[in-house]
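A structural walkthrough
As a plain string of letters, each chain reads:
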Amino acid sequence: MADFKACEGICPHDEFCGGCVYQGMTYEEQLAVKEKEVLGLLEEKNIVPEVYGGIEGCPEENRYRYRNKMEYTFGDFVKDGPICLGMHKKKNFMSIVTVDQCQLVDEDYNKILRFTLDFASEKGYRHYNKKSHKGLLRNLLIRKGVRTKELLINIITSTEEGFDEEAFVKGLHSLELDNEIVGILRTFNDNLADKVTCEKLKVLEGRDYYMDEILGLKFKVSAFSFFQTNVDAVERLYSQAINLIDDFSGKVAFDLYCGTGTISQVLALKAKEVIGVEIVEEAVEAAKVNASLNGLDNCRFIAGDVFEVLEKTADKPDVIVVDPPRVGMSLKAVDKIVSYGVDQIVYVSCNPKTLAINLQQYEYNGYRVKYLKAFDNFSWTKHIECIALLEKVK
């Protein structure tokens, strides 16, 4: 295989795969495009940070093979053609492109994908048809512990009979991999929706989770629980975000949209108490398990909509961290957070467009954007992360 770092931005799947949008650009050009997008969105909403920290790119060693999770789809490239396994084709959601030379994942992922596809072809298995709702194979999900080098492999099928589980497990173990397979799973999904839905989970071998670490804290990551996609990058981002807070030692901190509680647990190392709120119940349960793993008894996690939970709780925060999903925060949630009157709010964003909208709402309610910085944590893709420090105007 070619050295893709030497020919930056070139991928053998680029013609059809829609995963990467900056093929052919140098990394510096890519950063400039992303920074221009962030600044343009802020300008549209008249947001002028007192201090702008620029955009921080990934170190050279973290620009490739950084994804620790990939969800592949079974299908065909042309109607009734040979079975494929990979990503959706550009501008054609019904077609699938086999991506067994992807540069964003560990090479073990490419080996596992190729084996699984060859296995399916040799067995004569059919992919699940989105229109007829017939067929066996739907998705392949691979996850990896970056610090632990543990692999979790999950094949998603319909309940149609005929899948040779024993041969699949044996074949996976015949591969020469750099990481260790700790669990092989089969998820049954007969849901008509074209998404991975776990109706039944079967452990074919090993365990149904892997372990990883962020900022020295241990995390147990199950088959479908959320976890940061680029561990090295998120460590840099979280460290800088938390360091924006003047002092939270001995204070009560709210971590809103907390996911599996990564930021919550880092805060808990110094804070008196941390309350995490997250709408996904599975993520909340994972957060509780992970806090226990790390011996942190000053974390409390609540499942529910942020606004509704805050309306009911009597707790009052000294500092607030928010890390909302791509859709951003509702105006009701912003208004409720503003009502606490805390001196500092740290906003971690995965979508600069909704970040700009929310910052405008905070400024209207008496806060100023003290500091803002962008991050490129997902090289070659369109995604941009940001952190912002909001301070209450005295």
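The present account deals with the structure reproduced in this document. In this text the structure is predicted, and so the values were computed from the model without any measurement. In every chain, residue numbers begin from 1 and rise along the written sequence. Only residues with pLDDT of at least 70 get local features here, since the model is predicted, and only at 80 or more are side-chain atom pairs given and counted; chain-wide, interface and lining totals rely on the full set of residues. Values reported for side chains reflect all heavy atoms of the structure, with hydrogen atoms and water molecules removed beforehand.

Any carboxyl oxygen of Asp or Glu within 4 Å of a side-chain nitrogen of Lys or Arg constitutes a salt bridge here. Throughout the structure, instances matching the rule amount to 23 salt bridges. Note that Glu56 is salt-bridged to Arg236, the shortest N-O span being 3.9 Å. Of this pair, Glu56 sits in strand 1 (residues 51–56) while Arg236 sits in helix 4 (residues 231–243), and the two are 180 residues apart along the sequence. Only protein chains enter the calculation, and the probe is 1.4 Å; a residue is then buried if its accessible area is under 20% of its type maximum, exposed if over 50%, and partly exposed in between. Arg236 sits in the partly exposed class, given a relative accessible area of 21%. In this structure, Asp343 engages Lys394 in a salt bridge whose closest nitrogen and oxygen atoms are separated by 2.8 Å. In this pair, Asp343 is assigned in the loop between helix 8 (331–339) and strand 15 (344–349) and Lys394 in the segment after strand 17 (385–392), connecting sequence segments 51 residues apart. When its relative accessible area of 44% is taken as the criterion, Asp343 is described as partly exposed. A relative accessible area of 81% places Lys394 in the exposed class. When salt bridges that share partners are traced, they join Glu50, Arg368, Lys370 and Glu391 into one network. Secondary structure elements are taken from DSSP: a helix is a run of H or I of four residues or more, a strand is a run of E of two residues or more, and numbering for both begins at the N terminus.

Now for the packing of aromatic side chains. Aromatic rings from Phe, Tyr and Trp, with only the six-membered ring used for Trp, were paired whenever their centres fell within 6.5 Å, and each pair was classed as stacked if the ring planes differed by under 30 degrees, edge-to-face if by over 60, and tilted otherwise. Using the criterion set out here, one finds 14 aromatic pairs in the structure. Taking the centre distance of 5.7 Å and the plane angle of 85° together, the rings of Phe254 and Tyr340 count as edge-to-face. Placement of the pair is Phe254 in strand 11 (residues 252–256) and Tyr340 in the loop between helix 8 and strand 15, with a sequence separation of 86 residues. An identical accessibility class is assigned to Phe254 and Tyr340; each is buried. Taken together, Phe115, Phe119, Tyr125, Phe163 and Phe168 form an aromatic cluster joined through their ring pairs. Criterion for a charge above a ring: Arg CZ or Lys NZ at most 6 Å from the ring centre, at most 35 degrees from the ring normal. Cation over ring: Arg138 sits above Tyr128, and NZ or CZ is 3.8 Å from the ring centre. The ring of Tyr209 carries the charged tip of Lys220 above its face, separated from the ring centre by 4.5 Å.

The next thing to look at is the layout of surface pockets. Think of a 1 Å grid over the protein atoms and nothing else: a 1.4 Å probe that fits but is trapped marks a cavity, an open set flanked by protein within 12 Å on at least five of seven lines marks a pocket, and residues with an atom within 4 Å of a point count as lining. Grid points are joined across faces, edges and corners, and a volume is the space filled by probe spheres set on the points. There is about 430 Å³ of room inside the second largest pocket. Forming the walls of the second largest pocket are 22 residues, and the residues nearest its centre are Asp76, Lys79, Asp80, His127 and Asn129. Looking at the lining of the second largest pocket, the elements with two or more residues in it are strand 2 (69–76) and strand 4 (92–98). Grouping the amino acids of the lining of the second largest pocket by side-chain chemistry returns eight nonpolar, seven polar and seven charged. For this classification, Asp, Glu, Lys and Arg are treated as charged, while Ala, Val, Leu, Ile, Met, Phe, Trp, Tyr, Cys and Pro are nonpolar and the rest, including Gly, are polar.

On to the packing of helix 8 against helix 9 (residues 352–364). Helix packing geometry: the angle between the two helix axes and the distance between the axes. Geometry is summarised by axes, namely lines fitted to C-alpha atoms with helices restricted to the contacting stretch, and by angles between N-to-C directions that run from 0 to 180 degrees. Contact geometry for helix 8 and helix 9: axes closest at 10 Å, N-to-C directions at 40°. The angle between the axes of helix 8 and helix 9 places the two elements in the oblique class. Pair helix 8 / helix 9 crosses with right-handed handedness. Counted together, Leu331, Val334, Ile337 and Val338 of helix 8 and Asn358, Gln361 and Tyr362 of helix 9 form the full contact between these two elements. Classifying every residue of the contact of helix 8 with helix 9 by side-chain character gives five nonpolar, two polar and no charged. If an angle is under 35 degrees, it is roughly parallel; if it is over 145, roughly antiparallel; if it lies from 65 to 115, roughly perpendicular; otherwise it is oblique. Crossing handedness is read from the near helix: turned anticlockwise from the far helix by less than a right angle, it gives a left-handed crossing, and turned clockwise, a right-handed one. Whether two residues are in contact is decided by their heavy atoms: any pair within 4.5 Å suffices.

Let us now look at helix 2 (residues 107–123). Given the number of residues in a helix, its expected span is that number minus one, multiplied by 1.5 Å. With 17 residues, helix 2 extends 25 Å between its outermost C-alpha atoms, agreeing within 8% with the 24 Å of an ideal straight helix rising 1.5 Å per residue. Within helix 2 the residues assigned to the buried category are Asp108, Tyr109, Asn110, Ile112, Leu113, Phe115, Thr116, Leu117, Phe119 and Ala120. Pairs of N or O atoms within 3.5 Å make up the polar contacts considered here, provided that, within protein, one atom can donate a hydrogen while the other can accept it, and that residues adjacent in sequence are counted only when both atoms are side-chain atoms. Looking at where helix 2 begins, the residue whose side-chain oxygen comes 2.8 Å from the main-chain nitrogen of Asp108 is Asp106. Once helix 2 finishes, Gly124 follows within two positions and takes phi at roughly 75°, a positive value.

From the geometry alone we can't say anything about function, so treat these as descriptive.
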